[in-house]
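# Fold and contact review
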Amino acid sequence: MIGTADRAEEAGFELIEMVLADPDSWDRYMAPQWWALSDWLCAYPGHPDVPALRDFLTRSRRSHLEYGRDYLGWGVFVLRPL
């Protein structure tokens, strides 16, 4: 995070607040997307996009569980001009 604060300062801003994801909140962000897509797949089994979306869902879930949750996340940074 120090690199983010340094870049903000170099751009003329002060970092005054931040909220960062932890693995649990990152899971709570990702998992509802899988649920919504799974519900759609169940509701429209004959739709021509089903194979591609099912593949996307499988890859998305797998990549998150294999490595994404350890390396990716989100953050909100509040900056104020110096």
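Scroll up a little and you will see the structure.
Below: a short report on this structure.

Quick notes on the rules
Residues numbered from 1 in each chain as written. Predicted model: local features only at pLDDT ≥ 70, side-chain atom pairs only at ≥ 80, totals over all residues. Heavy atoms only, no water. Phe/Tyr/Trp six-rings, centres within 6.5 Å; stacked < 30°, edge-to-face > 60°. Helix = DSSP H or I, 4+ residues; strand = E, 2+ residues; numbered from the N terminus. Buried < 20%, exposed > 50% of the residue type's maximum accessible area, 1.4 Å probe, protein only. Expected span 1.5 Å × (residues − 1). Contact = heavy atoms within 4.5 Å. Axes fitted to C-alpha atoms, helices over the stretch in contact; angles between N-to-C directions. Parallel < 35°, antiparallel > 145°, perpendicular 65-115°, else oblique. Left-handed = near helix turned anticlockwise from the far one by under 90°. Nonpolar A, V, L, I, M, F, W, Y, C, P; charged D, E, K, R; others polar.

## Side note on the packing of aromatic side chains
- Tallied over the full model, the rule gives two aromatic pairs.
- Between Trp 26 and Tyr 29, the aromatic rings sit 5.3 Å apart at their centres with planes inclined by 10°, giving stacked as the arrangement. Taken together, the residues Trp 26 and Tyr 29, both in helix α2 (residues 23-43) and three residues apart, mark about one turn of the helix.
- By relative accessible area, Trp 26 is classed as buried at 11%.
- Of the residues examined, Tyr 29 reaches a relative accessible area of 47% and is grouped as partly exposed.

## A look at α2
- When the terminal C-alpha atoms of α2 are compared, their 30 Å separation across 21 residues agrees well with the 30 Å that a helix rising 1.5 Å per residue should span.
- Along α2, the positions that sit buried rather than exposed are Trp 26, Met 30, Trp 34, Leu 37 and Leu 41.
- Packing partners of the buried residues in α2 comprise α3 (50-71).

## Description of the packing of α2 against α3
- As a packed pair, α2 and α3 sit with axes 10 Å apart at the nearest point and diverge in direction by 165°. With respect to each other, α2 and α3 are oriented roughly antiparallel. Considering how the two elements wind past one another, α2 and α3 form a crossing that is left-handed. For the pair α2 and α3, the contacting residues are Pro 23, Asp 24, Trp 26, Asp 27, Met 30, Trp 34, Leu 37, Ser 38, Trp 40 and Leu 41 in the first and Val 50, Leu 53, Arg 54, Phe 56, Leu 57, Ser 60, Arg 61, His 64, Gly 68 and Arg 69 in the second.
- Residues of the contact of α2 with α3, tallied by class, amount to eleven nonpolar, four polar and five charged.

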